[in-house]
Structure formats: C-alpha cells, structure tokens
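Fold and geometry: a report
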Amino acid sequence: MTNRAFPVYRQLDQMDCGPTCLRMIAKHYGKYFSLQTLRESSYITRDGVTLKGISEAATKIGFRTLGAKLTFEQLDEKSSLPCILHWKQNHFVVLPPQNYDRNKKNDKILIADPAHGLVKVSKETFLKLWITTEDNFGIALFLEPTPFFYDNEEEKKESKGFSFLFRYLKPYKKYIAQLFLGMLVGSLLSLIAPFLTQSLVDYGINQQNPGFIYLILMGQLALFFGNTAIEVIRGWLLLHMNTRINISIISDFLIKLMKLPIRFFDTKMLGDVTQRISDHNRIEQFLTGTSLNTLFSLVNLVVFSIVLGIYSLPILFVFITGSALSIGWILFFLGKRRELNYARFQQMSDNQNNLFEIITGMQDIKMNDSETTHRWNWEKIQAKLFHISIKSLSLDQYQNIGSTFFTQLKNILATFLAAQEVLKGNISLGMMLSVSYIIGQMNSPIEQLLKFFQSAQDAKISLERLSEIHLRDDEESGYELTPDEELDMMCADVGSDGAFAQEYQADNTSENGLTLEDVSFQYAGPGSPMVLSDINLTIPFGKVTAIVGASGSGKTTLMKLLLKFYEPIKGKVNLGHLPINNISAKWWRKHCGVVMSDGYIFSGTIAQNISVQVTTDPQRLMFAMKMANIDAFVNKLPLGVSTKIGNTGNGISSGQRQRILIARAIYKQPKFIFLDEATSTLDANNEKVIIENLQQFFQGRTVVVIAHRLSTVKHADQIVVMENGRIVEEGNHKSLTALKGKYYELVKNQLELGN
C-alpha cells in the first residue's frame, strides 16, 4: 500500500503507548480523539494497557477490531494497514501504510513509535522486536473503521496554548511597560554609540583633535553607565516577575492536581508527576526570560538594521542572508531535538521512580541482600540517560558549529564589503568601524532569537504534558446539589446543622442510612476481576457496622466507594435519601473521620498531624489525643505536641502512628467514622483502652469498622461478613456465632475455639 503522510502523536507518559497508537490510527482515518478519552476507554492502569483494552477502546469509537498471531509473511502479504503491533513484549507501536519490498535487499520498514516518532528499521530488527514466540509468530491488532466511526462526532481539540501562559503576565503590565520603556531608552543610547565611534575616528583622530577625543570618551562613559543602570533595573524587575510567576504557575498546577479524583493517582507513577513539576521551570524560563529578552532584542535588531541600511544596503543584505541561514540551520534540527526531549522525559521519570523506590524501600533491600540488584537497575537507567545526553550533546554541537559557521562567514563578508566601500570612497573609516560595531550589536538579538526557538519548543512540549493534567475533569465536576444539600452547605457556614442534620436525625429513628443497591466494582476494564459483586447493604445512621472477612474479600474497596474515592460500575450508593453521586465529595468527606490502614504521617508537628489544619483548637486536640490514648506519650516528650514527626522529624512506632491517625479522625468531630484496621498494630492494653474510649465517642455517630480482631467488632450493632467480593452473612455477634457459618469460622480460627 502506498505510504502517505502518517499522523504521529507522542506518548506523554510511560504507560500511554497503547492509547497513543489508537489515537494515531483514528487521526489517520480523519478523526481526532484526546489521549485522555482513549486512556479511560482502554482502562489504563499503572502497568499500562492490554491489547484487549485497546481493542475495547477502538470498538467504542467505531472500529471493527481483530487480534491475530501471525508470521511476518502473513503480515506483509495479507494485512490491512495501519495496524497496532505488540512490540518488545512491553510496548505498542503502529505499522503504517508503506512501500516496503521484502525482496529488495536492505529495504527498511517504517514504524510509528509513540516513544520515538517515525523510525525506519531493518527486517532483522523488526523481527527481533515483534516476534514473541519460538515458532516465529508476532501479535497484531487490526482495525477497520465502521460507518459508526464516521458518523461519530469528533472530539473538539483542546490544548493549553501559549495564550494560557501569557495570562500570567497580565498582573505585571506595569512592570512590562517599565521594561519596555527601559528597553527603548537602552536602544536609543546604544544607537548613539556607533555615531560616537564614527566621530571619534573621522573628526578626533583624522583631524588630531584631543579635546574632541576626550569629549567622545566622556560621552561613551555616560552611555556605559546609563546602559548599566538600565540593565540593573531591568534585571531586578525580571527577577521579581520570575519569582512570582513561577510560584503562581506551580501553585495553579498543585491546585489542579488536588482537584483530581483518586483514580488519576492510581494510574500515575510518581516520576511522571514530579517531572511535570520540573516542566514548570522551563515554562517559567520561557515566559519571563527568553520571550521578554527576545522581544527586547528584536527591537534593537530593527533599530540597528535601519541604521545599517542607511550606511550600506549590500552589507545589510549579507547580514540578513547569513542570519537566515543560521536560523534555518537551527530549525532544521528541532525535530530531532524534540524526539530527544521526549526520550529524556521518560528516562528521567524512570530515574525518579527508581530513586524513590530505593530510598523508601531501603529496609527491605538490606533485609533481602538485594543492594547490588537495585544498584544495577539504577545504573541501567543512568546508562540510558547517558546515551540520550550524548545524543543531545552531539546535536547541540552540530547546531552550534553550523550556526557559528554562518555567523562568522556573515561577519567576514560584511567586513570585506565595508572595506571595499572605504576604498571606493563611499564611506569613511569611522563609518566602517561603526558598521562593525552595529553588526556586533545585531548578532546578539540573532543569538537570542535562536535560543527563543529552542526554548519555545521545550516550553511547547512541557505545555503538552501539563495540558494533559489541566484539561482533566475535576473530581467535583458533574455532580448536582440537591436543594437539601445546598441548604445544608449554606447553613454549615454559619454553624447550623442544616437540612442534612434534620434528615439525619429523622433517619436515625428509621431503618434508613447509607445504602448500597446492587453495587458492583472492578478496578480495571471489563475483563479484570470483579472486586465487589451485587452488594446490597444498609448501614444504619447512628449505629456501628463492622465489616469482616479474609484479605482480598473487598472490605477496603467497599469503604473507598462509601468515601467517593471511586464510583461503582453498577448499582448506586445513597446517603439517606440522597444519591451519593449527587453530593460534593469535598463536602461529604468534611463530615467523615477516616483511618485507613495505609494512612499517611506528614512532615510536621504532632499537633499539625492531628488537626491537619492551619490552626489547631487546643481543647479538641487534647480530647482527640485522650480518646486515642496517645496523650501520655506526647506529654512525656520535651516539646509535647510541638514535636516534629514524619520525614523531617522523630521516628515513631507503628502503634503510635496508628494512634495519631485515630486522633486525627476524632479531632474532626465527624458525623460519620470509617476505620480500616485502625487498631491492628496496637498491643492488647492500648487496644482495650482505645476501644472503650471509642465506644463512648461512637454514641450518636454512624460508624463503619473494618477489622479482623474479635475485640474490635463483637460490640458492633451490625456485622457484615464478606467473601470474594460478596456479602455472605449479616447479623450481630451473638446471632452470627449461633449460625456457625463464615463468621463463626473466623472467630474460631482467631480464638482457636472448639466446636
């Protein structure tokens, strides 16, 4: 099939290769789909996507798909292109339409690789990377557009362009005006310099007039001090703007990041997020450094070009031609530079993830004597980074050598023409020196312009990666406030319990509460295991509900659904009479006290870790610590609640950590409490005291407890037993023990009871 221009998109993250391949093929057939849409449709996880996931996403947007295992000859002779290939056993690429002839020696095969762009490989390399079985078969996914694909409405292309960045300059209009004024004054002062040089030679030296020479000297010194003062002021203004704009850009990014749903962080590697924060430095540099400097330099270029044209049009023509060649040379390499930039991002992301894993997992690394293995893994990443750095260095050298060659050639030819003009008597010797000065001044803006092109490319790539975050839907988007909830939220601001509290009190006397109706959930796509299946459950208001079951039975997932971390794929969750999907997640969690088994201790004081707020109420803090039975430990510390813990402070035991997390939940004085193995690491004495305290605190509150220990759950008003994502038993301790079913087995195994 004849090859034509094939659209190429680059993957933004390490796991994006599958959706990016599908995006390229959709664009080949004339439809644009965002990477985020295809990600969600292919059920991407932290491990990437499967071929089945890509197929399901393709079907959703209107393709007919066929997965096949075939030989190279079958792929070459009978296949309809483009198709998606499983590559290197852990990657996906597109095989676009092409003119490959397998009978022609050394003919190359064109591959559209989301990680590297369009590349050509030999048949030998192709087979090595594509064949995955010993019988020489490779895996491919063929896609054919259906009428639905063409009838399907194309997504509107959205991206954060440079206009998104320039809005950060708006608050600094006065500073920019001052910079522009200073630039004009500086240009005018610089414009005087060549005329002073001309006068110095033509009138001072030729006419041997020392007084005039001293006068010119004083004028040049005045210009020098004037320009220096302007540069100092300009530098201060730029530093002031740079700092504030950089903080604003990163702050907005973190605000957006914190608005995203939990599922986003389930599919993102730490390195991918931290690398995007590093991208902000390049954007800020472009916005306040390169772009403004280039703007100022271009004004100088225009002004001096006019003066040079007055002196000699041929010399101006030589300068423009040489500068155009120099700029063209730099632009010629931008595509290759972009490719290396993407590759560096991926490797730097791997590097960040690997270092984080080594640092946080050092205890287990030492316990298992695997220091060498982890060091070798890190060194492999460094070797790849070194290889990319060598390529980047070589590319920079090619760019610099070519640019310098054209610049020097331009300068030599301009000097030669100026000398000829002097010999012909068209210009004086002083004018020739002025021309040399002007060309020197004009070379600087050209260099700034070259840097601008490179910086703009870096900023554009960074902006693409950041757009992928900024264009995502917020966790709060799409829900609707009911009249009751609106009233409750308004009343909450003035200290009243509001409409929800009234309904809560009414429902307290009824059987209503948190209800789950036919709820099912799975973390990945339709082919992934079902974590919860057909859950029907009522959690009464004002009562304690305990959820028990073996590990992996779905207890924690059920709690996360109740906390709106995820939405069920089937069924619904209600809060009283309100569908929980229509309630603000932020508002709902404000009323919930939560202790998760993997709760986080922040770097800060004990008081800050318990209140997790800017200000701390001392009375609430003392009450929360007493309820969590950690007050005695904290009071013995020299700094008390001001003792720093976490990454930057003192280490604490796992039991102390859990008690701080319990105190954090109590400090909120919540209407709803969710505890996931909250006392699992506590000794018997501490557990006994805390459970007794919590029994008092639970009065009038709705509590959901996940636990294995009998002492934690036996006093619950309701016990729910889960197995393989289903509810198998419900009741209280007495009724379930008498039933001698699953709960009885759990209790018996724990206490080693006989029949």
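Quick note: structure is the one above.
These notes cover the structure that comes with them. Small disclaimer: the values here were computed from a predicted structure and weren't measured.

Counting its secondary structure elements, the protein contains 28 helices and 18 strands. Going through the 755 residues of the protein one by one, you find that 48% of them count as buried. Residue pairs in contact within the protein that sit at least 24 positions apart in sequence constitute 74% of those at least 6 positions apart. Total accessible area on the protein stands at roughly 38300 Å², and carbon and sulfur atoms take up 57% of it.

It is worth spelling out unusual backbone geometry at this point. Of the consecutive residues Leu81 and Pro82, the connecting peptide bond is found in the cis state with omega at 10°. Its location among the elements puts Pro82 in the loop between helix H4 (72-78) and strand E2 (83-87).

This part is about the sheet that holds strand E16 (residues 702-706). Strand pairing in a sheet takes place through backbone hydrogen bonds and is either antiparallel or parallel in direction. The strand order E12-E15-E16-E9-E17-E18 describes an open sheet built from six strands, whose pairing is mixed. Two strands lie at the open edges of the sheet, namely strand E12 (592-595) and strand E18 (726-731), each paired on one side alone. When strand polarity is set aside, the average angle formed by the axes of neighbouring strands in this sheet is 15°. Note that strand E17 (residues 718-723) and E18 share five bridges and pair antiparallel. Residue pairing for E18: Val720 is matched across the bridge by Glu730. Sheet strands touched by helix H19 (residues 555-562): strand E9 (544-549), strand E15 (672-676), E16 and E17. Its angle to E15, the strand with the most contacts, is close to 155°.

Another point: the nonpolar core. In this structure, Ile610, Ile662, Leu675, Phe698, Ile719 and Tyr743 are the most contacted members of the largest nonpolar core, which totals 42 residues. Ranked by residue count, the leading element in this core is helix H24 (residues 654-667), at seven residues. Excluding its chain neighbours within four sequence positions, the residues that come into contact with Leu675 are Met559, Val595, Leu694, Phe698, Val704, Val705 and Ile706. Formed by 32 residues, the second largest nonpolar core is a distinct cluster that contains Ile535, Ile539, Leu558 and Val720.

This brings us to the pairing of strand E7 (residues 513-521). The two faces of a sheet get side chains in turn, since along a regular strand they alternate between them. Burial of E7 is extensive: seven of the nine residues sit out of reach of the surface. In this sheet, strand E8 (residues 532-540) lies alongside E7 in antiparallel orientation, the contact comprising six bridges. Note on E8: the bridge partner recorded for Val519 is Ile535. Of the pairings in the sheet, the one linking E7 to strand E10 (residues 570-575) comprises five bridges and is antiparallel in character. Across the sheet, the residue bridging to Thr515 is Asn574, located in E10.

On to the side chain of Lys555, then. Relative to the helices and strands, Lys555 is located in helix H19. Salt bridges are absent for the buried Lys555, whose nearest opposite-charge side chain, Glu677, sits at 5.6 Å. Separated by 3.1 Å, the side chain of Lys555 and the backbone oxygen of Ala550 make a polar contact. Excluding anything up to four places from it in sequence, Lys555 contacts Ile547, Val548, Gly549, Ala550, Ile706, His708 and Met722.

Let us look at the packing of H24 against helix H25 (residues 684-697). Two numbers describe how H24 lies on H25: the axes approach to 13 Å, and their chain directions differ by 5°. With respect to H25, the element H24 is oriented roughly parallel. The segment H24 lies against H25, with Arg659, Ile662 and Ile666 engaging Asn686, Ile690, Leu694 and Phe697. Each residue belonging to the contact of H24 with H25 can be placed in one class, and the counts come to five nonpolar, one polar and one charged.

What counts and what doesn't
- Residues numbered from 1 in each chain as written.
- Predicted model: local features only at pLDDT ≥ 70, side-chain atom pairs only at ≥ 80, totals over all residues.
- Heavy atoms only, no water.
- Helix = DSSP H or I, 4+ residues; strand = E, 2+ residues; numbered from the N terminus.
- Buried < 20%, exposed > 50% of the residue type's maximum accessible area, 1.4 Å probe, protein only.
- Contact = heavy atoms within 4.5 Å.
- Areas by Shrake-Rupley, 256 points an atom, 1.4 Å probe, with all protein chains shown as cover.
- Pairing = 2+ DSSP bridges.
- Axes fitted to C-alpha atoms, helices over the stretch in contact; angles between N-to-C directions.
- Core = buried A, V, L, I, M, F, W, Y, C linked by side-chain atoms within 4.5 Å.
- Lys, Arg positive; Asp, Glu negative; His and termini not counted.
- Salt bridge = Lys/Arg side-chain N within 4 Å of Asp/Glu carboxyl O.
- Polar contact = N/O pair within 3.5 Å; in protein donor to acceptor, adjacent residues only side chain to side chain.
- Parallel < 35°, antiparallel > 145°, perpendicular 65-115°, else oblique.
- Nonpolar A, V, L, I, M, F, W, Y, C, P; charged D, E, K, R; others polar.

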